[in-house]
Amino acid sequence: MITTTGIEALHGSAGLSTDIVLRASNVSVEYAGRRPTKAVRDVSLELRRGEVLGIVGESGCGKSTFAYALTRMLRPPARMTAGVVEYFDRDGESVDLATLEGDRLRDFRWNKIAMVFQSAMNALNPVTSVGSQMDDIFRTHRPGMDKAARRARCGELLEMVGIDARRLRSYPHELSGGMRQRVVIAMALALEPQIVVMDEPTTALDVLVQREILDEVERLRAELGFSVIFITHDLALLLEISDRLAVMYAGQVVEYAPAEQVATSPLHPYTRGLLRSFPDLRGERREMHGIPGSPPDLRTELAGCPFAPRCESVFDPCRDMTPPLQAPPRAWPVACHLHDPRYARTTDEAGR
Amino acid sequence: MSALTVTDLTVDYRQHGSRLRAVDGLSFELEPGQTLALVGESGSGKSTVVRTLSRFVKPSSGEIALGSVTDRRLSRRAERKTYHKTLQLVFQDPFASLNPMHTVAHHLRRPLILHGGHRRGPKLDAAVLDLLRSVNLTPPQDVARKHPHELSGGQRQRVAIARALATNPKVLLADEPVSMLDVSIRLEILNLLDHLKRDRDLALLYVTHDLATARHFSSQIMVMYRGEVVERGPSDQVILNPAHPYTQLLASAAPDPRLTRAQLADARTQRAQLRDSRVAEHRESVVDEGCRFRGRCPFAMEVCATRPPDLPAAKGAVNGSAAGHVARCWLLDESAAAAPAADSSN
């Protein structure tokens, strides 16, 4: 069952804001080496103002590399070999991130795009207090603020993420993992960025703490109106918190859809496999399987669909033709021959 | 007869002169061919239980009986060896639990020689290949020659499982065996453990924080909170019909893809209200005579300041299937529950 809301949400013909805040077009990233690793291959995504865009996939599918490319944080040997990342400010001014250098780049980071890293709990400096680390942000980016104002703002930020302002004097080891994660999120939000990129922000945390932090992010987003790019391998979680999501496999986006649609009627066999990998807490007991095999070596040229060797619905064209990311009638973009009208008859047999 | 019997196990850690009670009066039995899941958040004492059972940590009191081997006889070297042969471990991190300098074959040969009575030679090599086949690592000849860095996370965990099986154990402790692995391969590893358990009549302790896999891969579940088991019983009963407020909280925190947006938003608002009613600092645990969960418990009553006993969680159960389902909570005590539970403000 495919409803029309999918097209509307994707093409922005109704409802949701179509105000784009970040647009990545045909981004490719390579890690240099004897055989270069093509970690991100021709990825195009748009982030709307105020939305949560989820990026999901197994490890090594290019999620984090792509996020680093979006925030201009790639370091050699990684290099963006193609593509453009554009940022659109509230006043309509657009910036091509590739042109930013030196002071302008420093000025841009954290002010416009902030990032919460994987294992952010360990991102804090263990030898200085939380307060002084937060103070650093304002001393660097807001040189005009005086000490009292900085202090007040730091306290405010902590209170905002549900931590007592007295904790400014605490050292990271005196805080629990969840509290440290909250501090890092507070720091990311300190300069009121338009975009926050979160790379597996809750993976190391317990379910309960994870839940609290996600609720917190959701509340802050509603209050402050920033956009979030949320990267994780936990599809079940992402379906809950994101508005739209992009499923990545072997450095490419293979499905790009509104979250509700993915939850109820995923199109790509890889997405279906990922969904099946989560046993349902309250569902029937049954024999369960993940996705057998492992992702391809990204150092090699990929012929045909990269998922074909692991795919349960593989058929003739998959082996030698790479499916483009395109939207079949009445649906959202998906890179799979099963949904290509040209193969309609075969897919009816293979897809059911 | 149960493969492993734990009676009143208590473990303390020394900390700046004071003591931290990590496990408090834990008793359970592991049956051959059965999986028991031990569920809880970090800091609940799950890993301490595993470390104590594997004798890396000395218990302060209580008894661990593994077949005929009890604590009293463990002072003898031969008994200790039997203990370690009979009880094996699968660790959380397959990247750290294998030696990067050695081949897969080396990892499997060692336990075969030390515990299996094997000598170097063609028979040993054949035993190594058999082990690799039993964990579905094929072709075994190729895998045996590889070093850990040439394997994926899932393959490494299979090697770690094969190594645990090398001593032909009766009890297998799996401490978060899939939490470091990619979601797509988690189920494969859990299915493998499940099959091995059945084929080899292993008693399996599955330690995890993931309620969903705990339910699907075990027959019984124990829920731990701050060193105590707060609820235990048949898996379906504990998850579908949780009796302890902590288990209820855990179950409600798990993502459920079937919920609609509106339901999600409702749940979020409810949680926010619950949280706002308490001060952040107050959520930290209270360790005294009373229930340890009462600082976070939405239903805390005055009686909760005294330690609750294990109570049958039969309330709400439709038939008698709740046998063996118990929870440590005053709410289940008919006389206490009759008192007004409105005093949640303090």
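What you see is a predicted model; the values in this text were computed from it and never measured.

With that settled, consider the overall build of chain B. In terms of helices and strands, chain B carries 12 helices and 11 strands. Here chain B holds 346 residues, and 45% of them are scored as buried.

Every contact between the two is made by 33 residues of chain B and, on the other side, 34 residues of chain A. Going through the elements one at a time, helix H7 (183-200), helix H8 (211-217), helix H9 (235-240), helix H10 (245-253) and helix H11 (261-276) of chain B are the ones with two or more residues in the side of chain B that touches chain A. Among the elements that line the side of chain B that touches chain A, the one with the most residues is H7(B), at six residues. Here the side of chain B that touches chain A is composed, by residue class, of 17 nonpolar, six polar and 10 charged.

Turning our eyes to something else, we now look at the sheet that holds strand E1 (residues 20-31) of chain A. All names here are of chain A. Spatially, the four strands line up as an open sheet ordered E2-E1-E4-E5, and their pairing is antiparallel. Across the chains shown, the open sheet's two edge strands, defined by having one partner strand only, are strand E2 (37-48) and strand E5 (94-96). Strand-to-strand twist of the sheet, defined as the mean angle between neighbouring strand axes without regard to direction, takes the value 5 degrees. Judged from the three bridges that link them, strand E4 (residues 78-88) and E5 form a sheet pairing that is antiparallel. The partner of Tyr87 across the bridge, within E5, is Val95. Across the face of the sheet, helix H2 (residues 63-70) comes into contact with E1, E2 and E4 while running at roughly 120 degrees to E1.

Along the chain, B:Gly43 turns up in the loop between strand E3 (35-39) and helix H1 (46-53). Take B:Gly43: there are 17 C-beta atoms within 10 Å of it, and that puts it in the partly exposed class.

Our next topic: the pairing of E1(A). As judged from the eight bridges shared by E1(A) and E2(A), these two strands associate in the antiparallel manner. Following the sheet pairing, A:Ile20 is matched in E2(A) by A:Arg48.

Core analysis: the biggest nonpolar cluster contains 188 residues, and A:Val196, A:Ile229, A:Val254 and B:Val223 have the highest contact counts within it. A:Ile229 has contacts with A:Leu47, A:Leu53, A:Ile55, A:Ala67, A:Ile195, A:Val197 and A:Met198, leaving out every residue within four places of it along the chain.

Moving on, we come to H10(B). Within H10(B), seven of the nine residues are buried, leaving the element largely enclosed by the surrounding structure. Looking only at H10(B), the buried set comprises B:Pro245, B:Tyr246, B:Thr247, B:Leu249, B:Leu250, B:Ala251 and B:Ala253. If you follow the buried residues of H10(B), they end up packed against helix H7 (207-224) of chain A together with H8, strand E8 (220-225), strand E9 (228-234) and H9 of chain B.

Here is what the cut-offs are and how they apply
- Residue positions are given per chain, counting from 1 as you read along its sequence in written order.
- Chain letters start at A and ligand numbers start at 1, both assigned in the order the entries are written.
- Residue-level local features of this predicted model are given only where pLDDT is at least 70; pairs of side-chain atoms are given and counted only at 80 or more, and the full residue set underlies all totals for whole chains, interfaces and linings.
- Helix and strand definitions follow DSSP, with helices as H or I runs of at least four residues and strands as E runs of at least two, each counted in order from the N terminus.
- Here exposure depends only on C-beta density: within 10 Å of a residue's C-beta, 20 or more other C-beta atoms make it buried, 12 or fewer make it exposed, and intermediate numbers make it partly exposed, the C-beta atoms being placed from the backbone.
- Contact between two residues is assigned when their C-beta atoms, built from the backbone, lie within 7 Å.
- Any residue that is not Ala, Val, Leu, Ile, Met, Phe, Trp, Tyr, Cys, Pro, Asp, Glu, Lys or Arg is counted as polar, Gly included; the first ten are nonpolar and the last four charged.
- Strands qualify as paired when DSSP identifies two bridges or more between them.
- Axis definition: a line fitted to C-alpha atoms, over the contacting stretch in the case of helices. Angles run 0 to 180 degrees between N-to-C directions.
- A set of buried residues qualifies as a nonpolar core if it consists of Ala, Val, Leu, Ile, Met, Phe, Trp, Tyr and Cys joined through C-beta atoms within 7 Å.

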